[in-house]
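Chain residues, written in single-letter form:
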Amino acid sequence: LLASCLMHAACGLAPARQPLPASLARLRGGAVQAVSSAKLPGENYHALAEKGAANANLPLGKALHQAFMAGMYVAIGGIFAYTVAGALSVGPELQRLVIGLIFPIGLIFILQAGGMLLTGNFLVCTAAWLEGKITLEQMFRAFGIALLGNTLGCTTISLLIKEAGLLTGGMAALAKATALKKTSFALVPTLIKAVLCNWLV
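The residue numbers shown here count from 1 along each chain, following its written sequence. Reporting in this predicted model follows two pLDDT cut-offs: at least 70 for local features of residues, and 80 or more for side-chain atom pairs to be given and counted; totals over whole chains, interfaces and linings ignore these cut-offs and use all residues. By convention in this description, side-chain values take in all heavy atoms of the structure and omit both hydrogens and water.

Novice: How should the pattern of salt bridges be read in this particular structure?
Specialist: Charged atoms that come close allow side chains of opposite charge to pair. Salt bridge, as applied in this entry: a Lys or Arg side-chain nitrogen positioned within 4 Å of an Asp or Glu carboxyl oxygen. Scanning all chains against the criterion turns up 2 salt bridges. Among the salt bridges present, the one from lysine 133 reaches glutamate 50, with a minimum N-O distance of 2.9 Å. In this pair, lysine 133 is assigned in the loop between helix 7 (118-130) and helix 8 (136-163) and glutamate 50 in helix 3 (residues 41-56), connecting sequence segments 83 residues apart. Each residue is placed in one exposure class: buried if its accessible area under a 1.4 Å probe, protein chains only, is under 20% of its type's maximum, exposed if it is over 50%, and partly exposed if it falls in between. Taking the relative accessible area as the measure of exposure, lysine 133 reaches 36% and is therefore partly exposed. Looking at glutamate 50, the relative accessible area reads 46%, which means it is partly exposed. The closest approach of N and O atoms between glutamate 163 and lysine 162, which form a salt bridge, is 4.0 Å. Labels follow the DSSP assignment, with helices taken as runs of H or I lasting at least four residues and strands as runs of E lasting at least two, numbered in each case from the N terminus.

Take a look at the structure:
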């Protein structure tokens, strides 16, 4: 037995385990099976397609509510990121880094609360359509509901922040500069940046 263990250790192998007696296996609830918690890429894709079909078939009220909440969560993440970055006396490169590190908090809120984000629907509903789980009309309906709800949610948080008097100082200056910069780009570079941004999300 010792020689076998040493050989397995020398070869980088774990020694084979003898099966537990039936009496001990019963005590711990039966035989243990090795189960992987990670999915293969194909399994992930089909799971996303199922999610897209579920999103596309949600009743209007529930879908709009989920999209509205997702818009609010994204706005909260953005406000937090701009508040911190705007308070720092650093260059624009570091400010962008801080925003990039903090903003995903809004996406984590959405994942935990189950909101419906337009960028997420672009992925899951398109996969559902490609797999024949929903129609083209259902896919565009899901896109439209997510876009409307996200816009209303973001706008609501933005108005609340403004009316509460919190849109001041470095955050206000940074938000204004960002808005002016984003609206000054040419059409084609803006479309390309939107594709790349959606790809990352």
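That covers the picture; the talk isn't over yet.
Novice: Would you mind going over the side chain of asparagine 121 with me for this structure?
Specialist: Within the secondary structure, asparagine 121 is located in helix 7. Taking the relative accessible area as the measure of exposure, asparagine 121 reaches 1% and is therefore buried.

Novice: Looking at this structure, I do not really get the layout of surface pockets. What am I missing?
Specialist: The probe, sized like a water molecule, is rolled over the atoms to show the empty space still left. Cavity and pocket criteria rest on a 1 Å grid covering protein atoms alone: a 1.4 Å probe that fits but cannot get out defines a cavity, protein on both sides within 12 Å along at least 5 of 7 lines defines an open pocket, and an atom within 4 Å of a point defines a lining residue. Grid points are joined across faces, edges and corners, and a volume is the space filled by probe spheres set on the points. Looking at the largest pocket, its volume works out to about 1900 Å³. If you trace the largest pocket, you find 39 residues lining it, with Tyr82, Phe103, Thr178, Lys182 and Cys197 closest to the centre. Mapped by element, the contributors of at least two residues to the lining of the largest pocket are helix 4 (60-87), helix 5 (92-102), helix 6 (104-113), helix 7, helix 8, helix 9 (169-182) and helix 10 (187-200). Broken down by element, the residue count for the lining of the largest pocket peaks at 8 residues, all from helix 9. Gly is placed with the polar residues, together with every amino acid not listed as nonpolar (Ala, Val, Leu, Ile, Met, Phe, Trp, Tyr, Cys and Pro) or charged (Asp, Glu, Lys and Arg). Tallied by class, the residues present in the lining of the largest pocket amount to 25 nonpolar, 10 polar and 4 charged.

Novice: Looking at this model, I keep getting lost on the nonpolar core. Mind explaining?
Specialist: One recurring pattern in soluble globular proteins is that nonpolar side chains are buried together. To define a nonpolar core, start from buried Ala, Val, Leu, Ile, Met, Phe, Trp, Tyr and Cys residues and group those joined through side-chain atoms within 4.5 Å. In terms of nonpolar packing, the biggest core is built from 15 residues, with Ala63, Met116, Cys125, Ile134, Met139 and Phe143 touching the most fellow members. Taken together, the elements giving at least two residues each to this core come down to helix 3, helix 7 and helix 8. If one sorts the elements of this core by residue count, helix 8 sits on top with 5 residues. Residue contacts are counted whenever heavy atoms from the two residues lie within 4.5 Å of one another. In contact with alanine 63, not counting residues within four places along its chain, are Leu58, Met116 and Ile145. Ranked by size, the runner-up nonpolar core spans 12 residues in total, among them Ala85, Ile99, Ile157 and Met171.

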